[in-house]
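Listed below are the residues making up each chain.
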Amino acid sequence: MIVLATCELYGGFMTFCPEWLTGNVNLDGSNFMYMWVYLVFFNMLWVFIPLYAVWYSYSDISHAFAVRTSKKGQ
């Protein structure tokens, strides 16, 4: 899950960051619907959901190692 979420974040970055750095030449930012609903809201979902997946996976893996270490010490 961590690898897939990281790939999704990288793919989104490589898709939209070059457009924003070149001044949105191919992205229509003049229309409210395109700019705020599509580009900002829906594309931010592709940022926050993978970040949540990374956080959830990391906390689950950390908990599993903590349980493993505590059982070894007994």
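Our structure's up above, just so we're on the same page.
Remember, predicted model here, so these are calculated numbers, not experimental data. (Residues numbered from 1 in each chain as written. Predicted model: local features only at pLDDT ≥ 70, side-chain atom pairs only at ≥ 80, totals over all residues. Heavy atoms only, no water.)

## Quick look at the packing of aromatic side chains
Step number 1: Taken as a whole, this structure holds three aromatic pairs when the rule is applied.
Step number 2: Between Phe 41 and Phe 42, the ring centres sit 5.0 Å apart and the planes meet at 70°, which makes this aromatic pair edge-to-face.
Step number 3: Phe 41 sits in the partly exposed class, given a relative accessible area of 47%.
Step number 4: Relative accessible area serves as the criterion here: at 41%, Phe 42 is assigned to the partly exposed category.
Step number 5: Ring geometry for Tyr 52 versus Trp 55: centroids 5.8 Å apart, planes at 35°, classification tilted. Of the two residues, Tyr 52 and Trp 55 are both situated in helix H2 (residues 32-72); the distance of three residues between them amounts to about one turn of the helix.
Step number 6: The exposure class of Tyr 52 is partly exposed, given its relative accessible area of 49%.
Step number 7: Residue Trp 55 is classed as exposed on the basis of its relative accessible area, which comes to 54%. (Phe/Tyr/Trp six-rings, centres within 6.5 Å; stacked < 30°, edge-to-face > 60°. Buried < 20%, exposed > 50% of the residue type's maximum accessible area, 1.4 Å probe, protein only. Helix = DSSP H or I, 4+ residues; strand = E, 2+ residues; numbered from the N terminus.)

## Observations concerning helix H1 (residues 2-21)
Step number 1: Given a rise of 1.5 Å per residue, 20 residues ought to cover 28 Å, and the 27 Å separating the end C-alpha atoms of H1 matches this to within 8%.
Step number 2: The sharpest bend along H1 comes to roughly 30°, located at Met 14, with the proline Pro 18 sitting one to four residues further on.
Step number 3: Those residues of H1 that sit buried are Ala 5, Phe 16, Cys 17 and Glu 19.
Step number 4: Those residues of H1 that are buried are in contact with H2.
Step number 5: Gly 23 lies just past H1 and shows a positive phi near 95°. (Expected span 1.5 Å × (residues − 1). Bend = angle between axes of the 7 residues up to and from the residue. Contact = heavy atoms within 4.5 Å.)

## Details of the environment of Thr 6
Step number 1: Mapped onto the elements of the fold, Thr 6 is located in helix H1.
Step number 2: Thr 6 sits in the partly exposed class, given a relative accessible area of 41%.
Step number 3: Separated by 48 residues in the primary sequence, Thr 6 and Val 54 place their C-alpha atoms 7.7 Å from one another.

So yeah, pure geometry; function would need other evidence.
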